[in-house]
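# Survey of secondary and tertiary structure
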Amino acid sequence: VCGHFEGGLIILAGQATPIYTAKLPYDLKVVIGIPSDFEHPDSQQLMQAEVDNIGGFKNTGEQYGKEIAYRLIHSVMPALAEGNLKPCKDLIFDYRWDMGSIKNCSFVYPKMLDIAEKMRPMKDDQDVEIVALSSVGPGFFAVTAKPEKVEAQFKKLDLTTHITTIHNGKYLVKE
């Protein structure tokens, strides 16, 4: 949905339906970190592996779905309306680290569990607006106004880094 709707942050509900969009400040950057030793398997193999591991995703949804939905509606979205990313960061972090999401995704790259644990202090780092695993990994990302600091932390974890900007608009076709 990115590029089809305004906003650098888009919250999706069922069937990939956008239910909330927010523009993020342009001074924020995204630092992406991918394990330097990750060998990219064939996409069909990865899709099959995800199907084979779908039980963990379903269990997490059944166990935490109501809490996630409640926090999203009553904490995250009102805070985003005020320009406050902290409840969003906390929910994403709790889901990824403490509700089992990263564990569910570890079939892609088992060492991501160790990397994630070493990243745990980023939850309380006020210079990190959001930190998360990207999709099923093994890439992690952080949103920050201090990309050099986060990049240094990622490099200490042997992650190959990329820094990019946030685009709050729709796709643009340039000639």
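Heads up: the structure comes first, above all this text.
Residues numbered from 1 in each chain as written. Predicted model: local features only at pLDDT ≥ 70, side-chain atom pairs only at ≥ 80, totals over all residues. Heavy atoms only, no water.

## Focus: unusual backbone geometry
- For the peptide bond that leads from Gly137 to Pro138, omega is 10°, which places it in the cis range.
- Here Pro138 is to be found in the loop between strand 4 (128–133) and strand 5 (140–144). (Helix = DSSP H or I, 4+ residues; strand = E, 2+ residues; numbered from the N terminus.)

## Let's talk about helix 2 (residues 54–81)
- The end-to-end C-alpha distance of helix 2, which contains 28 residues, comes to just 33 Å, noticeably less than the 40 Å that a straight helix rising 1.5 Å per residue would cover.
- In helix 2, a bend of some 60° at Tyr64 exceeds every other bend along the element.
- On its buried side, helix 2 packs onto strand 1 (9–13), strand 2 (17–22), helix 3 (86–98) and helix 4 (101–105).
- Gly83 sits one or two positions beyond helix 2 and adopts a positive phi of about 80°. (Expected span 1.5 Å × (residues − 1). Bend = angle between axes of the 7 residues up to and from the residue. Contact = heavy atoms within 4.5 Å.)

## Regarding the sheet that holds strand 5
- On the basis of which strands lie adjacent, the open sheet formed by four strands has the order 4-5-3-6 and antiparallel pairing. Across the chains shown, the open sheet's two edge strands, defined by having one partner strand only, are strand 4 and strand 6 (159–165). Looking at each pair of strands side by side, their axes are set apart by 20° on average, direction ignored.
- Strand direction decides the pairing type here: strand 3 (residues 29–35) and strand 5, joined by five bridges, are antiparallel. The partner of Val31 across the bridge, within strand 5, is Ala142.
- Each of strand 4 and strand 5 is contacted by helix 3, which is oriented at about 25° to strand 4, the strand it contacts most.
- Contacts from helix 5 (residues 112–119) reach strand 3, strand 4, strand 5 and strand 6, with the element oriented near 20° to strand 5. (Pairing = 2+ DSSP bridges. Axes fitted to C-alpha atoms, helices over the stretch in contact; angles between N-to-C directions.)

All we've got here are geometric facts, nothing functional implied.
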